[in-house]
Amino acid sequence: MPAVPPTERRTTTPAVAAERVANLRRAVGALMARSKREVPHYYLSTTIDLGAAMDWMQRANADRPIATRLVTAALLLAASAKAAKEVPDVNGFFVDGAFQPSPAVHLGVAVALRGGGLVAPAIHDADALALDELMERLRDLVARARAGRLQRAEMADPTITVTNLGDLGVETVFGVIYPPQVALVGFGRVVEQPRAVNGMIGVRPTVTATLSADHRASDGLRGGRFLALVDELLQKPEEL
């Protein structure tokens, strides 16, 4: 297909933009309908204490310029990527009647587009990235997704997807798997809850983490191990 001249890109009409969003919604809707019809989903959730993670992040950001400060989403993505590496049953593809685990963790990140619609491009080899690099990749990915400048490979090869609806006020999200992937991780908003720590009651920041997984590739035991590992990793944020 020939490249669209810059002048044409700048003069995209609202009607054309609306049609693109409608086409995207139809494509995503068809894929999600297929997923719910063909994939035997199971769902797990857990509440994670983010006290240690938030305290560490506040200290880490104290001397940083605003543009380079970490956000909670980066910690959640890092923990998910590293947990997926350790629990390969949730990281890969179900194709030709069999599960094919992926040796790499290409973390799909669900991004809401300004004009409407949703895309989930990948941060490649997310488990191997330092936290600052992951944060930089996340900022870049979101900016390019909303500007319509994603590369084909970023859209085609996520091995597991994370959706975070916390900034919309959602506390719990149970997502639909993007086939041929076999798992989707969801995070809600950070909320303060009373919790007992070492026998003492206090108010702690918490987040609900969920897993939607394909029962053909894993089961509750492996899915539970994945969520438990995400929790363990977030208790030691300095090691992410």
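Basis of the calculations
Residues numbered from 1 in each chain as written. Predicted model: local features only at pLDDT ≥ 70, side-chain atom pairs only at ≥ 80, totals over all residues. Heavy atoms only, no water. Helix = DSSP H or I, 4+ residues; strand = E, 2+ residues; numbered from the N terminus. Rg over C-alpha atoms; globule rule 2.2 N^0.38 Å. Buried < 20%, exposed > 50% of the residue type's maximum accessible area, 1.4 Å probe, protein only. Areas by Shrake-Rupley, 256 points an atom, 1.4 Å probe, with all protein chains shown as cover. Lys, Arg positive; Asp, Glu negative; His and termini not counted. Charge placed at Lys NZ, Arg CZ, Asp CG, Glu CD. Salt bridge = Lys/Arg side-chain N within 4 Å of Asp/Glu carboxyl O. Pairing = 2+ DSSP bridges. Expected span 1.5 Å × (residues − 1). Arc of directions from axis to C-beta. Polar contact = N/O pair within 3.5 Å; in protein donor to acceptor, adjacent residues only side chain to side chain. Phe/Tyr/Trp six-rings, centres within 6.5 Å; stacked < 30°, edge-to-face > 60°. Lys NZ or Arg CZ within 6 Å of the ring centre and 35° of its normal. Contact = heavy atoms within 4.5 Å. pLDDT = per-residue confidence, 0-100. Core = buried A, V, L, I, M, F, W, Y, C linked by side-chain atoms within 4.5 Å.

Asks: Mind showing me how you'd approach the overall build of the protein chain here?
Replies: Of regular secondary structure, the protein chain possesses seven helices and eleven strands. At 19 Å, the protein chain has a C-alpha radius of gyration in line with the 18 Å of a compact globule built from 240 residues. Overall, the C-alpha framework of the protein chain stretches about 65 × 50 × 30 Å when taken along its three principal axes. Expressed as a percentage of its 240 residues, the buried residues of the protein chain come to 42%. Total accessible area on the protein chain stands at roughly 12,700 Å², and carbon and sulfur atoms take up 55% of it. Taken together, the 27 basic and 26 acidic charged side chains of the protein chain have centroids lying 6 Å from each other.

Asks: So what exactly am I meant to see when it comes to the pattern of salt bridges here?
Replies: Should the charged atoms of two oppositely charged side chains come close, the side chains can pair. Scanning the model with the defined rule gives ten salt bridges in all. Its salt-bridge partner being Arg189, residue Glu171 comes within 3.0 Å of it at the nearest N-O pair. Here Glu171 is found in the loop between β8 (160-164) and β9 (183-187), whereas its partner Arg189 is found in the loop between β9 and β10 (191-197), with 18 residues between them in sequence. The network of salt bridges with shared partners includes Asp49, Arg195 and Arg204.

Asks: Looking at this model, I keep getting lost on the pairing of strand β3 (residues 98-101). Mind explaining?
Replies: Here four bridges tie strand β2 (residues 92-95) to β3, and the two strands are oriented antiparallel to one another. Each residue of the ladder has a partner; that of Gly92, found in β3, is Pro101.

Asks: Is there a simple way to think about helix α7 (residues 220-234) in this case?
Replies: The α-helix winds at 3.6 residues per turn, so residues separated by three or four positions along the chain end up facing the same way. The end-to-end C-alpha separation of α7 is 21 Å, in line with the 21 Å expected for 15 residues at 1.5 Å each. Regarding α7, the residues found buried are Gly223, Phe226, Leu227, Leu229, Val230 and Leu234. Seen from one end, α7 has its buried residues packed into an arc of 155°, which puts them on one side. The N-terminus of α7 is capped by Asp219, whose side-chain oxygen sits 3.1 Å from the backbone nitrogen of Leu221.

Asks: How should I be thinking about the packing of aromatic side chains in this particular structure?
Replies: Two numbers describe a pair of aromatic rings. These are the distance of the centres and the angle of the planes. The final tally for this structure, using the stated rule, is one aromatic pair. Ring plane angle 90° and centroid distance 6.0 Å describe the contact between Tyr43 and Phe174, whose orientation is recorded as edge-to-face. In this pair, Tyr43 sits in strand β1 (residues 41-49) while Phe174 sits in the loop between β8 and β9, placing the two residues 131 residues apart along the sequence. Seen from the ring of Phe94, Arg216 lies directly overhead, with NZ or CZ sitting 3.8 Å from the centre.

Asks: Got a minute to help me understand the environment of Leu75 in this structure?
Replies: Locating Leu75 in the fold gives a position in helix α4 (residues 72-86). Separated by 22 residues in sequence, Leu75 and Ala53 place their C-alpha atoms 7.8 Å apart. What Leu75 contacts, discounting residues up to four positions off in sequence, is Ala53, Trp56, Met57, Leu131, Leu234 and Leu240.

Asks: Looking at this structure, I do not really get the confidence of the model for the protein chain. What am I missing?
Replies: It should be kept in mind that the predicted coordinates are not to be read in detail where pLDDT is low. Predicted confidence across the protein chain gives a mean pLDDT of 89, with 92% of residues reaching 70 or more. In this model residues 1-10 is a low-confidence stretch, pLDDT under 50, and it forms one contact with partners more than four residues away in sequence or in other chains.

Asks: Would you mind going over the nonpolar core with me for this structure?
Replies: Grouped burial of nonpolar side chains is what soluble globular proteins tend to show. Of all hydrophobic cores here, the largest spans 47 residues; its most connected members are Ile160, Phe226 and Leu234. If one sorts the elements of this core by residue count, α4 sits on top with nine residues. Sequence-distant contacts of Phe226, defined by excluding residues within four places in its chain, comprise Ser80, Ala83, Ala84, Val87, Val90, Ile160, Val185 and Leu211.

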